[in-house]
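# Inside the fold
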Amino acid sequence: MSKEEEIITFETYFDPMLAEIIRAKLEANDIPCFLADENMGSIYPAYNQGGGGIKLKIFARDLERCREIVDSDEEIGND
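Numbering of residues starts from 1 in each chain and follows the order in which that chain's sequence is written. Totals for whole chains, interfaces and linings use all residues, but because this is a predicted model, local features are given only for residues with pLDDT of at least 70 and pairs of side-chain atoms are given and counted only at 80 or more. Values reported for side chains reflect all heavy atoms of the structure, with hydrogen atoms and water molecules removed beforehand.

### Remarks on the side chain of lysine 57
Take lysine 57: it is sitting in strand E3 (residues 54-59). Aspartate 37 is the oppositely charged side chain nearest to the buried, salt-bridge-free lysine 57, at an N-O distance of 7.2 Å. Contacts are assigned to residue pairs that have any heavy atoms within 4.5 Å of one another. Here lysine 57 is in contact with Ile7, Ile8, Thr9, Pro32, Cys33, Phe34 and Ala36, once residues within four sequence places are set aside. Note on conventions: DSSP H or I runs of at least 4 residues are helices, E runs of at least 2 residues are strands, and numbering of each starts at the N terminus. Accessibility here uses a 1.4 Å probe with only protein chains present; expressed as a share of the type maximum, an area under 20% marks a residue as buried, one over 50% as exposed, and anything in between as partly exposed. We count Lys and Arg on the positive side and Asp and Glu on the negative side, and we leave His and both chain ends out. Salt bridge, as used here, is a side-chain nitrogen of Lys or Arg placed within 4 Å of a carboxyl oxygen of Asp or Glu.

Now the structure itself:
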């Protein structure tokens, strides 16, 4: 498998709704992605903090494009 095909963690979230919003935003821009550990956070809310949060996974080849999309989106409220 090439480095570009590697699946990496783009960002980690402790807010399930924000994770879903950003996942949907990336998919709307034709970037394949998925959330990891979101079910554990729903079942056991304390897991979000102790388990490292909800991870948004992407292909390494899409990293720069994902950063551009998230950074340019005023609705997400990047801090």
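### Here we look at the state of the cysteines
Cysteine sulfur pairs qualify as disulfides if the two atoms are within 2.5 Å. For the structure shown, the criterion picks out zero disulfides. Summary of cysteine pairing: cysteine 33 is not part of a disulfide, and the nearest cysteine sulfur, belonging to cysteine 66, is at 6.8 Å. The class for cysteine 33 is buried, based on a relative accessible area of 11%. Owing to a relative accessible area of 0%, cysteine 66 belongs among the buried residues under this scheme.

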